[in-house]
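One letter stands for each residue in the lines below.
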Amino acid sequence: MTFQPENLAHDQLASVQAAVSKEPELESSSISVSMVGRSVLLEGYVADYGDREKATAIAALIAGPENVHDRMRDREEMAYTLPAQE
C-alpha cells in the first residue's frame, strides 16, 4: 500500500485544523489553517503572543516545526499599525 502526497497533506491539514479548534485555551475562530505543499500555513488574527505560540506549537507537533509557517497577526499589534481615523 502506498500513500499519495495529496492524501497525506489532506490528513495533516485536517489534523491541524481539528487540534487548533479543540484547544480550549486558544481563540481559534480567526485562525486559518491551510497547506502549501507539505507546509502548514497559519494565517489570521490571534489575541496575543501566547495564542500565537499555542497555535504554532500545535501545528509543529503534527507537521514538524520546520513545516509550519506563521503568518498570524496579533490584534494588539494591529491596533498600533492601523492609521488613525480623523
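Placed above this text is the structure.
Here's a quick rundown of the structure. (Residues numbered from 1 in each chain as written. Predicted model: local features only at pLDDT ≥ 70, side-chain atom pairs only at ≥ 80, totals over all residues. Heavy atoms only, no water.)

Working definition: the strands of a sheet are paired by backbone hydrogen bonds and lie parallel or antiparallel to each other. If you trace the 3 strands from one edge of the open sheet to the other, you get 1-2-3, paired in mixed fashion. The open sheet has two free edges, formed respectively by strand 1 (31–36) and strand 3 (68–74), since each of these has just one partner strand. Between one strand axis and the next, the sheet turns through 15° on average, direction left out of account. Sheet analysis places strand 1 next to strand 2 (residues 39–46), joined by 6 bridges and oriented antiparallel. Looking across to strand 2, one finds that Ser 34 is bridged to Leu 41. In this fold helix 2 (residues 49–63) packs onto strand 1, strand 2 and strand 3, with an angle of close to 165° to the strand it touches most, strand 3. (Pairing = 2+ DSSP bridges. Helix = DSSP H or I, 4+ residues; strand = E, 2+ residues; numbered from the N terminus. Axes fitted to C-alpha atoms, helices over the stretch in contact; angles between N-to-C directions. Contact = heavy atoms within 4.5 Å.)

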